[in-house]
Amino acid sequence: MKYYIKNSAKVLFDYAIALIIFVVFIYVLLSLTGDNFNNWIPPYSILLFLFAFFLIYTDMKSIAIKEKKPQYNLNPYPLKGLVYGLIGAMPIALIVAVASLISLKGEVALRLREVAINTFLGPLYFLIRWLDESPIGYASAILLLPLIATLGYLAGYYGINITEKIFKKKPVPEKGFTKSPWNPSIGKEKKVKRKKSKA
């Protein structure tokens, strides 16, 4: 169980990195966009989501590649990434649920809670906004994390390399070996050729 928690924590840690960047640079976005700030939040959220996607996907893929090696005896299976993702997303879901259930009075307090939750789910907010900030939207956004973990683990488990398929890298042709003019064997070869020509 400790091994599951350790790997699941990577999902949470990767999301935390994306969230910190989201919060730090949101003030820069606010100063640049001004009155249009609200319209720029979803694109900004997508950008940080892609960053979180890259971190989680890469970590889960590396874990799967390691677990596939027989010497570790870690019992990998295709949907193990989903388990890691669900465990890793649990603290996030729990914090959002508790914050939502707290009884508050006054429009200001309710608005502050809404802003706090949306900020906490910043890298996932584009989906929440698209689904009109409904309960389904919040649930769907949090479930994106287990989905990313699943895709990353499956890629490592089945040896899928997305970058190679997208860019279709061609193997670099091998160059013929050219001997250096300082190579002593070249002089020997020339002497042998001279002897054969005389004969």
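Everything below is about the structure shown above.
What you are looking at is a predicted structure, and each value in this text was computed from that prediction instead of being measured.

Residues Tyr15, Ile56, Met60, Leu121, Leu124, Leu145 and Tyr153 are the most contacted members of the largest nonpolar core, which totals 37 residues. At the level of secondary structure, the elements contributing two or more residues to this core comprise helix 1 (2-33), helix 2 (37-68), helix 3 (80-101), helix 5 (125-130) and helix 6 (135-157). For this core, the element with the highest residue contribution is helix 6, accounting for 10 residues.

Among the surface-exposed residues, Ile20, Val24, Phe25, Val28 and Leu32 lie close enough to one another that they form a single nonpolar patch of about 510 Å² accessible area. Examined against the element boundaries, Leu32 turns out to sit in helix 1.

Looking now at the packing of helix 2 against helix 6. Two numbers describe how helix 2 lies on helix 6: the axes approach to 7 Å, and their chain directions differ by 40 degrees. Taken together, the axes of helix 2 and helix 6 lie oblique to each other. Considering only the axes of helix 2 and helix 6, their crossing is right-handed. On helix 6, the residues touching Phe49, Phe53, Ile56, Tyr57, Met60, Lys61, Ile63, Ala64, Ile65, Glu67 and Lys68 of helix 2 are Leu144, Leu145, Ile148, Ala149, Leu151, Gly152, Tyr153, Ala155, Gly156 and Tyr157. Here the residues of the contact of helix 2 with helix 6 are counted per class, giving 16 nonpolar, 2 polar and 3 charged.

Here we take up the side chain of Thr33. Checked against the element boundaries, Thr33 lands in helix 1. A distance of 2.6 Å separates a polar atom in the side chain of Thr33 from the backbone oxygen of Leu29.

With that settled, consider unusual backbone geometry. Positive phi, close to 55 degrees, is recorded for Asn73, a residue that is not glycine. When you line up the elements, Asn73 lands in the loop between helix 2 and helix 3. For Asn75, which is not glycine, the phi torsion reads 50 degrees and is therefore positive. Structurally, the position occupied by Asn75 is in the loop between helix 2 and helix 3.

With that settled, the discussion passes to a positive patch on the surface. Side chains of Lys6, Lys10, Lys66 and Lys69 sit close together on the surface and give a patch of like positive charge. Judged by relative accessible area, Lys66 falls into the partly exposed class, the value being 36%.

Here the focus is the packing of aromatic side chains. Going through the model one piece at a time under the given rule, you end up with 8 aromatic pairs. Relative to Tyr157, the ring of Tyr153 has its centre 6.4 Å away and its plane inclined at 25 degrees; by these criteria the two rings are stacked. Here Tyr153 and its partner Tyr157 are both found in helix 6, 4 residues apart, which amounts to about one turn of the helix. The pair formed by Tyr153 and Tyr157 is uniform in burial state, with each residue classed as buried. Here the aromatic cluster, defined as three or more aromatic residues joined through ring pairs, consists of Tyr4, Tyr84, Tyr153, Tyr157 and Tyr158. We note Lys66 situated over the ring of Tyr72; from NZ or CZ to the ring centre the distance is 5.3 Å.

Here we take up the side chain of Thr150. Positionally, Thr150 belongs in helix 6. In this structure Thr150 comes out as buried when scored by relative accessible area, which is 10%. Within polar-contact distance, the side chain of Thr150 engages the backbone oxygen of Pro146 at 2.7 Å.

Criteria and cut-off values
- Residues numbered from 1 in each chain as written.
- Predicted model: local features only at pLDDT ≥ 70, side-chain atom pairs only at ≥ 80, totals over all residues.
- Heavy atoms only, no water.
- Core = buried A, V, L, I, M, F, W, Y, C linked by side-chain atoms within 4.5 Å.
- Buried < 20%, exposed > 50% of the residue type's maximum accessible area, 1.4 Å probe, protein only.
- Helix = DSSP H or I, 4+ residues; strand = E, 2+ residues; numbered from the N terminus.
- Patch = residues over 30% accessible without salt bridge, like charges linked within 9 Å, V, L, I, M, F, W, Y side chains within 5 Å.
- Areas by Shrake-Rupley, 256 points an atom, 1.4 Å probe, with all protein chains shown as cover.
- Salt bridge = Lys/Arg side-chain N within 4 Å of Asp/Glu carboxyl O.
- Axes fitted to C-alpha atoms, helices over the stretch in contact; angles between N-to-C directions.
- Parallel < 35°, antiparallel > 145°, perpendicular 65-115°, else oblique.
- Left-handed = near helix turned anticlockwise from the far one by under 90°.
- Contact = heavy atoms within 4.5 Å.
- Nonpolar A, V, L, I, M, F, W, Y, C, P; charged D, E, K, R; others polar.
- Polar contact = N/O pair within 3.5 Å; in protein donor to acceptor, adjacent residues only side chain to side chain.
- Lys, Arg positive; Asp, Glu negative; His and termini not counted.
- Charge placed at Lys NZ, Arg CZ, Asp CG, Glu CD.
- Phe/Tyr/Trp six-rings, centres within 6.5 Å; stacked < 30°, edge-to-face > 60°.
- Lys NZ or Arg CZ within 6 Å of the ring centre and 35° of its normal.

Keep in mind that these numbers describe shape and distance, not what the molecule does.
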